[in-house]
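# Summary of structural features
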Amino acid sequence: MAAAANETGHSLLGKRPQNIIQNQLFRRQRSIKLSANKGSSSDETGNHKTYVVLTFGERAKLTHCEDVQKIIQQFNIKTTLEWISKEEKYLYLTASTDTLLRLADEAELTKMTTTGSMQKFNYNSISDFLLPGMTEDDIVRFCEAPVLIKDVVKPQLLSYIRNGIVEELFPLHDIEYLEAFSFNWRRRSLPIEHIRNYFGASIGLYFAFIEFYTKALVYPTIFGVCQYLWSINLSVVIGFYVLWSTIFLELWKRRCAGLAYRWGTIEMSSLDKPRTNYQGKEKIDPVTGKMTLEYPMRYTYMQMYCISYPVVLLCVVAAAYFALYQFQIEAEVLADFGPDSWLLYIPVIVQSILIAIFSWAYEKLATFLTQLENHRTRLQYERHRVNKLMIFEIVNNFFSLFYIAFVLQDLKQLNYQLMMQLLIFQIVCIAQEVGIPLLAVLKQKYVKYMHKELDSEKLSLVNDVTRYEQCFFEAGLDQYQSTYEDYLQMCIQFGFIVLFAAVAPFAAFGALINNMFAMHIDLFKLCNIFKRPFARRTKNIGAWQSAFELLSVMAILSNCGLLYMLPNVRAFVAQHFSSIPNLSFVLFEHLLLGLKFVIHKAIHERPRWVRIALMKGDYESSQAYKNIKKYKANLKVD
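Everything quoted here is computed from the prediction, not taken from an experiment.

Basis of the calculations
Throughout this description, residue numbers start from 1 for each chain and increase along the sequence as written. Only residues with pLDDT of at least 70 get local features here, since the model is predicted, and only at 80 or more are side-chain atom pairs given and counted; chain-wide, interface and lining totals rely on the full set of residues. The basis for every side-chain value is the complete set of heavy atoms in the structure, and neither hydrogens nor water enter the calculation. Only protein atoms enter the calculation, which uses a 1 Å grid: trapped sets of points that fit a 1.4 Å probe without letting it out are cavities, open sets showing protein on both sides within 12 Å along at least five of seven lines are pockets, and any residue with an atom within 4 Å of a point is a lining residue. Grid points are joined across faces, edges and corners, and a volume is the space filled by probe spheres set on the points. Runs of E in the DSSP output that reach at least two residues are strands. Runs of H or I that reach at least four are helices, and both are numbered from the N terminus. Under the grouping applied here, Gly and all other residues not named as nonpolar or charged are polar, the nonpolar ones being Ala, Val, Leu, Ile, Met, Phe, Trp, Tyr, Cys and Pro and the charged ones Asp, Glu, Lys and Arg. Burial here depends on accessible area, computed with a 1.4 Å probe over protein chains only, as a share of the maximum for the residue type. Under 20% is buried, over 50% is exposed, and the range in between is partly exposed. None of His or the chain ends enter the tally, which takes Lys and Arg as positive and Asp and Glu as negative. The salt bridge criterion pairs a side-chain nitrogen of Lys or Arg with a carboxyl oxygen of Asp or Glu, the two atoms within 4 Å. Polar contacts, as counted here, are pairs of nitrogen or oxygen atoms within 3.5 Å of one another; within protein the pair requires one atom able to donate a hydrogen and one able to accept it, and residues that are adjacent in sequence qualify only if both atoms are side-chain atoms. Any two residues having at least one pair of non-hydrogen atoms within 4.5 Å are treated as being in contact. Note on aromatic contacts: the rings of Phe and Tyr and the six-membered ring of Trp form a pair at centre separations within 6.5 Å, being stacked when their planes are under 30 degrees apart, edge-to-face when over 60 apart, and tilted otherwise. Residue types Ala, Val, Leu, Ile, Met, Phe, Trp, Tyr and Cys, when buried and joined through side-chain atoms within 4.5 Å, form a set referred to as a nonpolar core.

## Side note on empty space enclosed by the protein
Scanning the model with the defined rule gives 3 cavities of 30 Å³ or more in all. Approximately 50 Å³ is the volume attributed to the largest cavity. For the largest cavity, the full set of lining residues is Ile238, Tyr241, Val242, Ser245, Val498, Ser552, Ala555, Ile556 and Asn559. Of all elements in the fold, only α11 (234-262) and α20 (543-563) reach the threshold of two or more residues within the lining of the largest cavity. A class-by-class count of the residues in the lining of the largest cavity yields 6 nonpolar, 3 polar and no charged. Around the second largest cavity, the lining residues are Ala319, Phe322, Ala323, Gln351, Leu354, Ile355, Phe358 and Asn396. Broken down by secondary-structure element, the contributors of at least two residues to the lining of the second largest cavity are α12 (297-337) and α13 (345-373). In terms of residue count, the dominant contributor to the lining of the second largest cavity is α13 (4 residues). Taken together, the residues of the lining of the second largest cavity break down into 6 nonpolar, 2 polar and no charged.

Right, dumping it as C-alpha cells:
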C-alpha cells in the first residue's frame, strides 16, 4: 500500500500545473476527491483543515524552522513542517474548533445570538450563539479562521520576517468552495454572501457595491437613449442626474449598513487593532488599559502638511500642465494639416494614455507618502490615501474637460474629448482585467524554475501529496493587494458619467456594458490569479463614499455651467433676468444643491430594522451587565 502511494505521489509531484487550464483540471480532480469525503470537517488524510501556510526563505535552517514552529505551538495552533529541499520549506498551520473559538473571543468578533441581536462573541456562553441547525464548527466563519491564526502568530514572527527567514504567510484556496464562484449564465446576481464568507467583508462589500452600482446604471442608460432620441431639455437632464446620483448613493448606504450589520462590522471604530506596518512605542491605552502602540500625532501632521500635500500639489500642477499642453499640440496639428486630418486624433489618444500612466505612477507615490505618515488603523490609512488620490485624479482625468467646457466653451469638442477619454479609459481597464490573467498564464508557462522529480527519500517527508502540490502551485501566485484600484476605476467612471451628463448621453451605457463583464472578471482573478487574501473587516466603503459624493456635487456645478452656456438659455436669461444674469445661475445651482440635501436628509443611512436591532443589542448588553452586578452583590451577601 505504501509503495503504491509513493508511486502515485511520485507521478503527481513530477509535474507542476503550468497554466490556468491545467490548474483548473488539477482543482477539479481534487474537488471530486473532497466531494467523496463530504460531511467531514477533516481532509482526506484525516487531519484538520489547513488554514494558513508559512513559507521559509533559502536562509532558513532547520533550527530556524523548529523555533518558528515552537512559537506558533504556544498558541495551541497545530503545525506540520515539511522540509522538501533548501528552496522548499513549508509550515502548515491548523487549529481545533476550541482554539478558534477562544481566538474569536479574544478578537471580539461580533456574532448573531439566539435572540436575534448581534453581540461580541463570548467563549463562556457558546450556547447563546448556536442558532438552529448550527454546530460549534459553524460559529467561526470560513474567512475568519485564517485571520484569527495570522493575527496571533504574525506579531511574534516579525523578527523572522524582517530577517528573511519567513517569506510569507497565506491561506490556501478551498477548491470545493470555489465552485460557488464559477461563471453561470443563469445567475442574475453575484453570490455576495458566499463571497463574504470566503474572502471577507472588505471584498464582499466591493462586489456588493459594483453589483448595486451596475444595476443602478440601467436608469441613466435608458434616460440617455431618450435624451438622444427626443433632445430632452438640459434642465430636465440635470435634474434627473441630481436625483439619480443622490438616491443611488443614499440607497447604497442603506444597503451597506444592512450588510455590515449581518456581517458584524457595523460598530467598528478607531479603537481597532493597529495595522501591521504601524510604528510606535508601547504604552497603556487609556480606554482599554492594555499595552498598545502609540505614535505622536504631531509627527503625522508634520509629515502630511509639510511633505505629503506639497508633493501632491506639485503633481497636480504637473498634471494640469500636461493637460493644457495637449491643446497646444492640437492647435499646431490643426494649423499644419487642417481640420479633416486623422492626425487630430493622436493628441487625444496620447493624452488618454498619459492619464493612465500618471494614475499608475501617482498611486505608487500616494501609497508611499501615506505610509510615511504612519496612520494607526487601516481605515485611517485608506482614508488619507484616497484623499490624496482623488485630488490628483480629478485634475488628471477631468481638468482638460473643464478647460474645454468653460474656457474654450466648445461643447462639440467637449463631447468628442469626453467620449474619447471614456472609451480609452474603458479599453485600458479591460486590458488590465484581461491582461493580468494572460500574463499569469505566460508567467506560469515560461517560468524558469520548474519542480523536479522527488526521490523516494524526499517523498517520504510529504505527509499529504495533494496539499503539497496545491501549496507549491499557489505559493508562486501574485499577492492580492486590496480593492483600491477597483474602486478607483469605478470612481473615475462615475465622474465621466455625471460631470458632463448634459453632453454625454451614452456614457452610462458604456459603463454598464463594461461593468457587466468587469465584476465577473474581478471574481475570476481573485479565485484563479492571486493567492487567497486574508479577510479584512470593514463597515463601509470608507473614503470612496465621500469621493462619489464629491463628484456628485461637482456634477451639479459643471452641468449647470454647461446649461448656461447654451445660446437659447443665455437669451432667455438676458430677456427675463437682464439685471441679475449671474445671480439666476447661482439660484438655480443652489436649488439643485438644496434638492440634493433634502433627499440626503429624507433617506436615513440605516434601515429601520438595523436601527431597531442595534438598540435591541444595546438593551440586552445593559441588562446582562445589571444581572452580573446583581449576581456579584448576592455573592457578597451570602
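## Comments concerning the side chain of Arg532
With respect to the helices, strands and loops of the structure, Arg532 is situated in the loop between α19 (507-528) and α20. Put simply, Arg532 is tucked away with no salt bridge, and the nearest opposite charge, on Asp174, sits 6.5 Å away. For Arg532, the side chain forms a polar contact with the main-chain oxygen of Leu172, separated by 3.2 Å. Leave out the neighbours within four places in its chain, and Arg532 touches Phe142, Cys143, Pro146, Pro171, Leu172, His173 and Tyr198.

## Notes on the packing of aromatic side chains
Counted under the stated rule, the structure contains 44 aromatic pairs. Ring geometry for Tyr213 versus Phe248: centroids 5.6 Å apart, planes at 35 degrees, classification tilted. Taken together, the positions of Tyr213 in helix α9 (residues 201-216) and Phe248 in helix α11 put the pair 35 residues apart, joining distant regions of the chain. As far as the burial class goes, Tyr213 and Phe248 line up, both buried. Taking the centre distance of 6.4 Å and the plane angle of 80 degrees together, the rings of Tyr241 and Trp244 count as edge-to-face. A residue pair is termed a helical-turn pair when its members lie 3 or 4 positions apart in one helix, as Tyr241 and Trp244 do in helix α11 at 3 residues. Assigned by exposure class, Tyr241 and Trp244 land together as buried.

## With respect to the nonpolar core
Of all hydrophobic cores here, the largest spans 100 residues; its most connected members are Phe207 and Trp544. Once residues lying within four places of it in the same chain are set aside, the contact partners of Phe207 are Leu190, Ile192, Ile195, Met519, Asp522, Leu523 and Leu526. In terms of nonpolar packing, the next biggest core, distinct from the first, is built from 38 residues, Ile72, Leu103, Tyr123 and Cys143 among them.

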